[in-house]
Structures are given as structure tokens and as C-alpha cells.
Amino acid sequence: MNLKLVEPLRLLFKDEVRTLGLILGIEEDSIYRHPFPGPGLSIRILGEITRERLSVLKEADSIFIHELREAGLYRKIGQAFAVLLPCKAVGVMGDFRTYEEVIALRAVETTDYMTAHWFNLPYDLLQRVSTRIVNEIRGVNRVTYDITSKPPGTIEWE
């Protein structure tokens, strides 16, 4: 068989894919999902990818997205997600020193995804997300918030 792969949409940018999705009648929950279209969670694990680290990232991302929705900010943000960093940090939990994983949070506002600026999240929201992640996810003792624009950074961390 002599087959050819046809990808007519691969040259579209994210904003164009969202517009096309709306025209095609795709559910808005899918179209405005962070990210849409976009990568899976594995590129948001810097360093070794294991089941345990994937589980940690899934939980952190779920908490972050939940709190953004609760605050009414989810649709105002172009893309938001958690990243599991390839380093550990010293912390204190209870009466003990810990050496655990670090989660970075990223939220950007953009119209075209070619440039983006970090989203100015309210401090009380950042505090709530950080507290929940550290208290609810075993193995995480530090949360950071990425305030890098694109350029020079990219939206994703891969």
C-alpha cells in the first residue's frame, strides 16, 4: 500500500484551532481546556517520568485548575498548568525536615500564543493552591509560580 498522511490542520495555531472547533460545534469545555490543543502531562515532568511522579503532577494540576475555576479565572487565562521540576527542596513538615518534590505553576494570558504574559493571579488564590498542593500531595513541599513572559520563555516548560 502506498499511503500518504494528510494533516490539513497541523499548520494552524492554537487560537485558530479553537475558532475552528467552535465552528465545528465541538463542546466549549473541550475547546477551552488547558491546553487545547496541546501536549499531555508527560512533557510537564522534567527529569525522570515514573508512575509516582505522574500521579503527583496529575494531583497538583487538578488542584490548580479546580481553584482557577472556583475563582472564575479559568476562561480568562490562555493556558494554565502545573510542572513537576527535576529537583527536590528542603522543607519542614511538622517537626521534621523533608527533602521533597517542587511544583511550578504557570498561567499566561495571550491572544495568539506566539507571545504571552504571565497572568497576575491574586495572592490569596496562589496561597490557597500552594497550601492545598503541599498539604494534600505526599512528596511535595514547595510550590513556585512562573512569571516569565514569552519571549524569552515559552508557554510550556519542555
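Since the structure is predicted, the reported quantities are computational estimates derived from the model, not experimental observations.

**Considerations on the packing of aromatic side chains**
On inspection of all chains with the given rule, the structure shows one aromatic pair. Sitting above the plane of the Phe81 ring, Arg44 keeps its charged end 4.1 Å from the centroid. The ring centre of Tyr32 lies 3.8 Å from the NZ or CZ of Arg75, which sits over that ring.

**Considerations on helix H1 (residues 14–23)**
Turning to H1, its buried residues are Lys14, Val17, Arg18 and Gly21. An end-on view of H1 places all buried positions within 100 degrees of arc, on one side of the element. Elements that come into contact with the buried residues of H1 comprise helix H2 (28–31) and strand E1 (79–93).

**Let's talk about the pairing of strand E2 (residues 96–109)**
Sheet analysis places E1 next to E2, joined by 12 bridges and oriented antiparallel. Among the inter-strand pairings, Gln79 is bridged to a residue of E2, identified as Val108. Between E1 and E2, which pair antiparallel in sequence order, lie two residues; one of them, Gly94, sits at a positive phi of approximately 70 degrees. Bridging between E2 and strand E4 (residues 140–145) involves five bridges; their strand directions are parallel. Bridging across to E4, Leu105 finds its partner in Tyr145.

**Observations concerning unusual backbone geometry**
Residue Pro151 is bonded to the preceding Lys150 through a cis peptide linkage, with omega at -15 degrees. Within the secondary structure, Pro151 is located in the segment after E4. With a phi close to 65 degrees, Tyr113 is a non-glycine residue in the positive phi region. The residue Tyr113 is located in the loop between E2 and strand E3 (117–118) in this model.

**A closer look at the nonpolar core**
Ranked by size, the top nonpolar core spans 28 residues in total, and within it Leu68, Ile103, Leu105, Leu121 and Ile133 carry the most contacts. When contributions to this core are tallied by element, the ones reaching two or more residues are helix H3 (51–70), E1, E2, helix H4 (123–136) and E4. Looking at this core, the element that brings in the most residues is H3, giving seven residues. Membership of the second largest hydrophobic core comes to 11 residues, among which are Phe81, Leu85, Ala89 and Ile155.

Calculation rules
Residues numbered from 1 in each chain as written. Predicted model: local features only at pLDDT ≥ 70, side-chain atom pairs only at ≥ 80, totals over all residues. Heavy atoms only, no water. Phe/Tyr/Trp six-rings, centres within 6.5 Å; stacked < 30°, edge-to-face > 60°. Lys NZ or Arg CZ within 6 Å of the ring centre and 35° of its normal. Buried < 20%, exposed > 50% of the residue type's maximum accessible area, 1.4 Å probe, protein only. Helix = DSSP H or I, 4+ residues; strand = E, 2+ residues; numbered from the N terminus. Arc of directions from axis to C-beta. Contact = heavy atoms within 4.5 Å. Pairing = 2+ DSSP bridges. Core = buried A, V, L, I, M, F, W, Y, C linked by side-chain atoms within 4.5 Å.

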